[in-house]
Amino acid sequence: MHAAIAGAHGQVARLLTRTLAERGDRVTGLVRNPDHVADVTADGARAAVVDLESAGAQEVAEQLRGVDAVVFAAGAGPGSGAARKDTVDRAAAVLLADAAQRAGVRDYLLISSFGVDAVRDGAAPEGVDEVFVAYLRAKLAAEEELLARAAGPDGLRLTVLRPGGLTDDAPAGRVRLERSVERGSVPRADVAAVCAALLEHPAPPGGRVLELVGGQEAVPDAVARAVRAGRSGGPSGSVGATD
Ligand SMILES: NC(=O)c1ccc[n+]([C@@H]2O[C@H](COP(=O)([O-])OP(=O)(O)OC[C@H]3O[C@@H](n4cnc5c(N)ncnc54)[C@H](OP(=O)(O)O)[C@@H]3O)[C@@H](O)[C@H]2O)c1
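As the structure is a computational prediction, the values presented were derived from the model and not from experiment.

**Quick look at helix α6 (residues 188-198)**
Here's step 1: Among the eleven residues in α6, ten count as buried, and that is most of the element.
Here's step 2: Those residues of α6 that sit buried are R188, A189, D190, V191, A192, V194, C195, A196, A197 and L198.

Written out as structure tokens, the structure reads:
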């Protein structure tokens, strides 16, 4: 398979690129900074320089020729303000969907975030920093826009993955991957492993939403179970924006 990863110089993205390249998949890595091309190439990807806050859908689509699946792993990152949460975490994720649709790519894996339900319908959770609220709102808006495009048999085959707090710990290889989990953290390396495994299983019509934290189940088993539940419409599986 050939995956294109937006935000390819990000920490999860680089781990994912290496995992995919090692198993023989092709990867196109979209980066905005030309200085990052060498690292992403060394990870095993073909690097393409595209700034997802200024590019148009056609420019991005041109980098998706021959691609089977796109992964949104970009993020405005710590230290950025509310405005960039919107231009990256929401708008760039939607731009990637626009580009994927133009290029005829149906499989889309969105790395979203645990906690987005707390800001649904304009809610502002007490005691939460306003930039973090803006981040969660941007992630939720991206999810909602993409889930709308996953409706119907010809829609995007969308997987929304909502990891808990990311750590740089060594991979545990064990996770909890369910429609809904308790708050927790998860090593970036385990997020990358889950992404790699999910890419082998296109989402059902309507998309699937999965939350991810550290846990007890081996990654392949957790992914296989979540995929099965999604196919049968079970409680851990395929759900839409109104769920
Ligand atoms: N941190 C957490 O605890 C947490 C929890 C749940 C989910 N997440 C999400 O998980 C994902 C991966 O996180 P991570 O820590 O691996 O991310 P990261 O290391 O911060 O990487 C994000 C990447 O996005 C790139 N990017 C930013 N603006 C861009 C633009 N305009 N065009 C193209 N690329 C752009 C950055 O490039 P530059 O280096 O050029 O800025 C960077 O390489 C993110 O979506 C994040 O929001 C994070």
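**A short note on unusual backbone geometry**
Here's step 1: The backbone of D121 sits at a positive phi, close to 60°, despite the residue not being glycine.
Here's step 2: Position of D121 among the secondary structure elements: in the loop between β5 (107-111) and α5 (130-149).

**Focus: empty space enclosed by the protein**
Here's step 1: Per the stated rule, a full pass over the model turns up two cavities of 30 Å³ or more.
Here's step 2: D107, Y108, T159, L198 and L199 are the residues nearest the centre of the largest cavity, which is lined by 13 residues in total.
Here's step 3: Looking at the lining of the largest cavity, the elements that each hand over two or more residues are β5 and β6 (157-163).
Here's step 4: No other element matches the three residues that β5 contributes to the lining of the largest cavity.
Here's step 5: Each residue belonging to the lining of the largest cavity can be placed in one class, and the counts come to eight nonpolar, two polar and three charged.

**Regarding the pairing of strand β2 (residues 26-31)**
Here's step 1: Of all six residues that make up β2, five are buried, and the element is covered over most of its length.
Here's step 2: Both strand β1 (residues 2-6) and β2 contribute to a ladder of five bridges, which runs parallel. Bridge assignment links H2 to a residue of β2, and that residue is R26.
Here's step 3: Note that the unit made of β1, helix α1 (residues 11-22) and β2 has a crossover that is right-handed.
Here's step 4: Where β2 meets strand β3 (residues 46-49), four bridges bridge the pair, whose relative direction is parallel.

**Description of the site of the ligand**
Here's step 1: Surrounding the ligand, one finds 27 residues, the nearest of these being V12, R32, E53, A74 and Y135.
Here's step 2: Between D51 and the ligand, the recorded distance is 2.9 Å, taken from a side-chain N or O atom to a nitrogen atom.
Here's step 3: A distance of 2.9 Å separates an oxygen atom of the ligand from a polar backbone atom of L166.
Here's step 4: Protein coverage of the free-state accessible area of the ligand, which is 920 Å², stands at 83%.
Here's step 5: Because more than half of its atoms lie within 2 Å of the grid, the ligand is assigned to the largest pocket.
Here's step 6: Of all the secondary-structure elements, those providing two or more residues to the shell around the ligand are α1, α4 (82-103), α5 and β7 (165-167).
Here's step 7: Residue contributions to the shell around the ligand peak at three residues, all from α4.

So, how was this worked out
- Residues numbered from 1 in each chain as written.
- Predicted model: local features only at pLDDT ≥ 70, side-chain atom pairs only at ≥ 80, totals over all residues.
- Heavy atoms only, no water.
- Buried < 20%, exposed > 50% of the residue type's maximum accessible area, 1.4 Å probe, protein only.
- Helix = DSSP H or I, 4+ residues; strand = E, 2+ residues; numbered from the N terminus.
- 1 Å grid on protein atoms, 1.4 Å probe; cavity = no way out; pocket = protein on both sides within 12 Å on 5 of 7 lines; lining within 4 Å.
- Points joined across faces, edges and corners; volume = space filled by probe spheres on them.
- Nonpolar A, V, L, I, M, F, W, Y, C, P; charged D, E, K, R; others polar.
- Pairing = 2+ DSSP bridges.
- Right-handed = clockwise from strand over helix to strand, strands pointing away.
- Near = heavy atom within 4 Å.
- Polar contact = N/O pair within 3.5 Å; in protein donor to acceptor, adjacent residues only side chain to side chain.
- Areas by Shrake-Rupley, 256 points an atom, 1.4 Å probe, with all protein chains shown as cover.
- Sits in = over half its atoms within 2 Å of the grid points.

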